[in-house]
Every structure is written in structure tokens, then in C-alpha cells.
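Summary of the model geometry
So the chains spell out like this:
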Amino acid sequence: MATSHLTLAPLLILATVLLSTEVTAQPAAPAPGPAGPVNITAILEKGGQFATLIRLLNTTQVGNQINIQVNSSSEGMTVFAPTDNAFQNLKPGTLNKLSHEDQVKLILYHVSPKFYTLDDLLSVSNPVRTQASGRDGAVYGLNFTSQGNQVNVSTGVVETRVSNELRKERPLAIYVVDMVLLPEEMFGENKVSPAAPGPKSNSPDVSDDQEKAGAPSDKSGSSEMKAGLGFALGVVFLCLKLVV
């Protein structure tokens, strides 16, 4: 029996070493790496219904501004993203009639330089500042109201509800809106219009063409007629005096 135990001992030691080596050789699970920088266009592309907004973010360079600011600011940012249907529901030509600068202001109006949760928007102090605020010395603010747990946003021109949360993690919140947010400063009834032309002359005697060409008016002709009549009467009076 002693001989049997002595024979098995080396085998047990060898098996233990082999098992230990196998366990040690297994690779450790990699530690999770740091999250990459936030990219708003990549987030919108995953949403699948924001092609027009993505195009405007690129052409106005606002997308790059958001990416830089949201990854460097402690305040975070909030974006209200109109869907493609929202842009299609605009009056035809609305975007094409805007200058490049006005398109920039329109897109900046959909961005707030602070991170807001939906609960924050339920009790926020109006008007909420946007990235367009201060341009042209105007407010460019958004106003939020609540109906139960539903949040509505108003611009003074349009009002719509804040619907799905496309992203709600700091530093960037993105909320879907079903209408393009049109700022009152650009689309309101009180928008300043170009100065109207001055009133035309009320005199029916002088036409615009006559004024431009320097043509004499009927009044100058009347004066010439009176002068000629006076001269003729003077000649008649002189003749009568000579006869007498």
C-alpha cells in the first residue's frame, strides 16, 4: 500500500502544476475604455429621421461648434431636433429665402448652452437662452410650459411638444420636436420691414417723366401766356396814344 501511495504522489503534483498553469495563462478581461467624444451628427444619423437637420448642421458649421463646446464645457448642451417631416411642413421656400447668416441663427435657436432634463424643463424659468441669443441685440429665447408630465415649447410663432428623448445623458441632451422652431425675431408679425418709399408729389400737373427730364410744367406755360397778353395790350395802348 505504501508503494502505491508513493507512486500516485508525483502524478498528483504534476496535475496540480498543469491546472495552475492553464488558469494563469487565460487572458484577463479588458477594462472598459473611456467613452469617446460626443458627436451630434452621429447620434442623429442613428435616429434615422434627421437628414435635413444634419445637412443644415454641416452647411452652417453649427454641428462642429456643438461638438467642440459640448466636449469642453461643464454646462453641457441641449438640442431640440426637428424631424424631416417638420421641415417638410414648412411653407415652400422658407429655408431657401433665408440668407446663410439667417440659417445659422435658425439652427442656433434650436440649441441651448446648458444641459436640461425633461424635469428641468417642467420648472425652468422662461425665456430659456439659446445659442442665437444676443445676435442682433435680440432675445432669441424659448418658452416652456407643462401639461402634466408633457413639456411644450413655444417661440411666439409656433408651439409644439417636446417628445422623444433621443439622448438624455450628460453632457448632451437631444429632444425630438415635430415642428421647426421659428424665432419671433425672424418670423414674427412685428419683424422690421424695409422702409417704404416716400410719398409722390400730389400735383397732377407734373408727371414723374417730366420731373426726370426737366420738362416744363403747365404752370410755366400759363405764365408765358400771361406775359404775351400784357405785351400786346401795351402795344395797343401806345398806338392809341400816338393817334390822339
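Here the residue numbering is sequential within each chain, running from 1 through the sequence in written order. With the structure being a predicted model, the display of local features is reserved for residues of pLDDT at least 70 and the display and counting of side-chain atom pairs for 80 or more, all residues being used for whole-chain, interface and lining totals. Calculated side-chain values reflect all of the structure's heavy atoms, with hydrogen atoms and water omitted.

The chain is annotated in an unreviewed UniProt entry as Fasciclin-like arabinogalactan protein 1b of Brassica carinata. What the UniProt record of the chain gives under Sequence similarities (unreviewed entry) is the line "Belongs to the fasciclin-like AGP family." UniProt positions are given in the numbering used here, feature names are shortened, and annotations may be inferred rather than shown by experiment.

Before going further, it helps to spend a moment on the overall build of the chain. Strands are runs of DSSP state E lasting at least 2 residues, helices are runs of H or I lasting at least 4, and numbering of each runs from the N terminus. When helices and strands are counted, the chain shows ten helices and seven strands. Residues are treated as being in contact if the distance between any of their heavy atoms lies within 4.5 Å. Considering only intrachain contacts with a sequence separation of at least 6, the fraction spanning at least 24 residues in the chain is 63%. Each accessible area is a Shrake-Rupley result for a 1.4 Å probe, and residues are judged covered by the shown protein chains and nothing else. Split by element, the accessible area of the chain, about 16300 Å² in all, is 57% carbon and sulfur.

Here we take up the layout of surface pockets. Definitions used for this entry: grid spacing 1 Å over protein atoms alone; cavity, a set of points where a 1.4 Å probe fits but cannot get out; pocket, an open set with protein on both sides within 12 Å along at least 5 of 7 lines; lining residue, one with an atom within 4 Å of a point. Grid points are joined across faces, edges and corners, and a volume is the space filled by probe spheres set on the points. Volume-wise, the largest pocket comes out at about 390 Å³. Note that Gly is not counted as nonpolar here; it falls among the polar residues with everything else outside the nonpolar set of Ala, Val, Leu, Ile, Met, Phe, Trp, Tyr, Cys and Pro and the charged set of Asp, Glu, Lys and Arg. Looking at side-chain class alone, the lining of the largest pocket contains ten nonpolar, two polar and two charged residues.

The next thing to look at is the packing of aromatic side chains. Side-chain rings of Phe, Tyr and Trp (the six-membered ring for Trp) are treated as a pair once their centres are within 6.5 Å; stacked means planes under 30 degrees apart, edge-to-face means over 60, and tilted covers the remaining angles. Evaluated as defined, the whole model comprises three aromatic pairs. Plain terms: the ring middles of Phe80 and Phe144 are 5.5 Å apart, the flat faces sit at 35° to each other, and that makes the pair tilted. Remark: Phe144 occurs in strand 4 (residues 141-147) and Phe80 occurs in strand 1 (residues 77-82); sequence separation between them is 64 residues. For each residue, the accessible area found with a 1.4 Å probe, counting protein chains only, is set against the maximum for its type, and the residue is called buried under 20%, exposed over 50%, and partly exposed in between. With relative accessibility at 1%, the residue Phe80 sits in the buried group. Plain terms: the ring middles of Tyr109 and Tyr140 are 6.2 Å apart, the flat faces sit at 70° to each other, and that makes the pair edge-to-face. Here Tyr109 is found in the loop between helix 6 (100-108) and strand 2 (111-112), whereas its partner Tyr140 is found in the loop between strand 3 (128-129) and strand 4, with 31 residues between them in sequence. By the burial criterion, Tyr109 is buried, and Tyr140 matches it. Three or more aromatic residues link up through ring pairs in this structure, and these residues are Phe80, Phe144 and Tyr175.

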